[in-house]
Amino acid sequence: MDLDALVKQFQKKDSYAFEKLYGMYAENICGVIYTIIKDHERSQELCQDVFVKIWAKSDTYDTSKGRFFTWILNIARNAAIDELRSKTHKNNKKNLQLDSFVGILKHDKDLNTKIDTIGLQSLLKGLKEKCILLIDLLYFKGYTQKEAAEELKKPIGTIKTRIRACISEIRKNRNL
Amino acid sequence: MDIKKYIASGILELYVSGSLSPEENLEVQHYAIQHPEIQKEIEAIEVTILELTAATSPGLQKDSFKTLKSELDDVIPFTPDSLEKRTPWTTYLGWAASVLFAVGMLWMYLENDKLKTEIEITEQERQTLEEQIRQAKEVLVEKSETEQLLNQLRNKDINTVALGGQTVSPESYAKAYWNKSEQKVYIDAKGLPEPPQGFTYQVWSLKLDPLTPTSIGLLDDFADNELLIFELENPNESEAFGITLEPEGGSEGPNLEQLYTLGAVGP
């Protein structure tokens, strides 16, 4: 079954299709949440909550909103940022600064971590700091191009060409 | 539109990250539908981002979907079991059933074919038997006819007259069996040669004093008469019988030059 058909089935509340989509994207969603809240167990819980939300809101998705992955990525980011802003979380974590997704490489001291840091490092091999920063803003924090331009004090055109160059470098690393 | 330039612009990367305005989203979708290269590029970018984000995953809890599913039932119930449970064994059962059905159909077809062949054979046998019966009946009829004829010839009232060969054909001979009371004459023409094309034998009843011939019939279909015994009516007070060769259809009076056989009736 192709992705479009799978998503349509999922929107008809077909749990088999949903399980398939879960298998395809759960690691990604959990990963993005983890890079934002940086709490191992809590991110796993939140990840489950996000999928409950996706299931409940399935009828609000349509292709005009972009790729299915983009849609659930957005739900996950918002949920993680909400979590970060909530007081309960503030009490648990002192360091609330929003560093980049690469921060998990330094943050995670848990020896039992399942993070595929080797994979992450090899994907990001040779990438400049400004690339990592831009990828973090756009993919992990959900900035719009305008917000990213303001944050980095660069014209929108530059944001576009830079992200193209950065992702191309990761694609080259994948093929190594 | 320059597709390569469009791809190089970086707009597709922003499309995947969800950083475009709704209008720009629609524009990208429009071009992606029109140009397969753009659609392919979007998918390639997405695969890269999927790999990148998966690399940051803290891992999933054991049986995470099962746990999720139990939570989902509280939110919006799953679709009925029939739709939901597509466990392999039901699929296999379906396939097994259809295979069984197909095999069954094939068996039925072959059985049917076999029966049809059997019916054909039976029909052929029936026809053969009918043919045999028909032939047997014919034989019986012929036999009874022959028997009847024999009985006629053996009748005590029969007067047998031997007809001897004459000048035209000294080798020829014939016999007349005359049943006076029934006014019938049976001519045994076995000793006569087959008449030439266009001619036939004519049988005459003769009064001798004065010599008066009366035709009593033709030996028509000579070649087809297997027994060569002809049955003729004879109401005359015959004193002799003669057989002449006449043109087809017979003559008013006998052509004595073509007299084949002749014999007088005994006392």
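Residues numbered from 1 in each chain as written. Chains lettered and ligands numbered in written order. Predicted model: local features only at pLDDT ≥ 70, side-chain atom pairs only at ≥ 80, totals over all residues.

To continue, consider the overall build of chain A. Scanning chain A for helices and strands turns up ten helices and zero strands. Starting at the N terminus and ending at the C terminus, chain A contains elements arranged as α-α-α-α-α-α-α-α-α-α. By residue count, 37% of the 176 residues in chain A fall in the buried class. Put simply, 60% of the contacts in chain A that link residues at least 6 apart link residues at least 24 apart. (Helix = DSSP H or I, 4+ residues; strand = E, 2+ residues; numbered from the N terminus. Buried ≥ 20, exposed ≤ 12 C-beta atoms within 10 Å, placed from the backbone. Contact = placed C-beta atoms within 7 Å.)

Below, the discussion takes up the overall build of chain B. Within chain B one finds seven helices and eight strands. Counted over contacts in chain B with a minimum sequence separation of 6, partners at least 24 positions apart contribute 57%.

Here we come to the sheet that holds strand β1 (residues 158–165) of chain B. All names here are of chain B. Spatially, β5-β4-β7-β8-β1-β2-β3-β6 is the arrangement adopted by the eight strands of the open sheet, whose pairing is antiparallel. Only two strands of the sheet have a single neighbouring strand rather than two, namely β5 (211–218) and β6 (229–233). Strand after strand, the sheet turns through a mean of 25 degrees between neighbouring axes, direction not considered. The pairing of strand β3 (residues 184–188) with β6 spans five bridges and is antiparallel. (Pairing = 2+ DSSP bridges. Axes fitted to C-alpha atoms, helices over the stretch in contact; angles between N-to-C directions.)

Across the contact, 45 residues belong to chain B and 54 residues belong to chain A. Of all the elements in the fold, those that place two or more residues in the side of chain B that touches chain A are α2 (11–17), α3 (22–34), α4 (36–54), α5 (64–75) and α6 (81–84) of chain B. With nine residues, the top contributor of residues to the side of chain B that touches chain A is α4 of chain B. Per-class residue counts for the side of chain B that touches chain A are 22 nonpolar, 16 polar and seven charged. (Nonpolar A, V, L, I, M, F, W, Y, C, P; charged D, E, K, R; others polar.)

Right, let's get into the packing of helix α1 (residues 3–11) of chain A against helix α2 (residues 15–37) of chain A. All names here are of chain A. Packing of α1 against α2 brings their axes to within 7 Å, and their N-to-C directions diverge by 125 degrees. When the axes of α1 and α2 are compared, the pair comes out oblique. Read as a crossing pair, α1 and α2 show a hand that is left-handed. Residues L6, Q9 and F10 of α1 form the contact with α2, whose own contacting residues are A17, F18, K20 and L21. For the contact of α1 with α2, the per-class residue count stands at five nonpolar, one polar and one charged. (Parallel < 35°, antiparallel > 145°, perpendicular 65-115°, else oblique. Left-handed = near helix turned anticlockwise from the far one by under 90°.)

With 19 residues, helix α10 (residues 156–174) of chain A extends 27 Å from end C-alpha to end C-alpha; this agrees with the ideal 27 Å at 1.5 Å per step. Within the span of α10 of chain A, buried status applies to I159, K160, R162, I163, C166, I167 and I170 of chain A. (Expected span 1.5 Å × (residues − 1).)

Right, let's get into the nonpolar core. Judged by nonpolar contacts, the single largest core of 63 residues is most densely connected at I29, I33, V50, A76 and L138 of chain A. In terms of residue count, the dominant contributor to this core is α2 of chain A (twelve residues). For I33 of chain A, the residues in contact, after removing those within four places along its chain, are S43, L46, C47, V50, A76 and A80 of chain A. Counting residues in each nonpolar core, the second largest holds 20 residues, with W178, L192, V203 and W204 of chain B among its members. (Core = buried A, V, L, I, M, F, W, Y, C linked by C-beta atoms within 7 Å.)

We now examine the pairing of strand β4 (residues 199–208) of chain B. Note on strand geometry: in a regular strand, side chains alternate between the two faces of the sheet. Residues and elements named next belong to chain B. With eight bridges connecting them, β4 and strand β7 (residues 240–247) associate as antiparallel partners. Within β7, the residue paired with Q202 across the bridge is T244. Here β4 runs beside β5; their pairing, made up of seven bridges, is antiparallel. Looking at the pairing, Q202 lines up with L218 of β5. What sits between β4 and β5 in their antiparallel hairpin is a turn of two residues.

Cis geometry is adopted by the peptide bond preceding P210 of chain B, which originates at D209 of chain B and carries an omega value of -5 degrees. By the element assignment, P210 of chain B lies in the loop between β4 and β5. The phi dihedral of K153 of chain A falls on the positive side, at around 55 degrees, and the residue is not glycine. Checked against the element boundaries, K153 of chain A lands in the loop between α9 (145–152) and α10. Judged by C-beta crowding, with 7 C-beta atoms within 10 Å, K153 of chain A ranks as exposed.

Turning to the environment of Y186 of chain B, a few remarks are in order. All names here are of chain B. For Y186, the position within the fold is in strand β3. Taking the C-alpha atoms as reference points, Y186 and A176, separated by ten residues in sequence, lie 5.6 Å from one another. Those residues within four positions of Y186 in sequence are excluded, and the remaining contacts are Q152, L153, Y177, I229 and E231.

Detailed reading of the predicted model is not advised wherever pLDDT is low. Looking at chain B as a whole, the pLDDT averages 87, with 95% of positions reaching at least 70. Mean pLDDT across the elements of chain B bottoms out in α6 of chain B (48) and peaks in α2 of chain B (96). (pLDDT = per-residue confidence, 0-100.)

The next point concerns helix α4 (residues 68–85) of chain A. A rise of 1.5 Å per residue sets the reference length of α4 of chain A, with its 18 residues, at 26 Å; its end C-alpha atoms lie 26 Å apart and thus fit the reference within 8%. Listed as buried for α4 of chain A are F68, F69, T70, I72, L73, A76, R77, A79 and A80 of chain A. Where α4 of chain A is buried, its residues touch α1, α2 and α3 (40–56) of chain A together with α2 and α4 of chain B.

Attention now goes to the confidence of the model for chain A. Looking at chain A as a whole, the pLDDT averages 85, with 84% of positions reaching at least 70. In the model, residues 93–97 of chain A has pLDDT below 50 throughout and makes three contacts with residues more than four positions away in sequence or in other chains.

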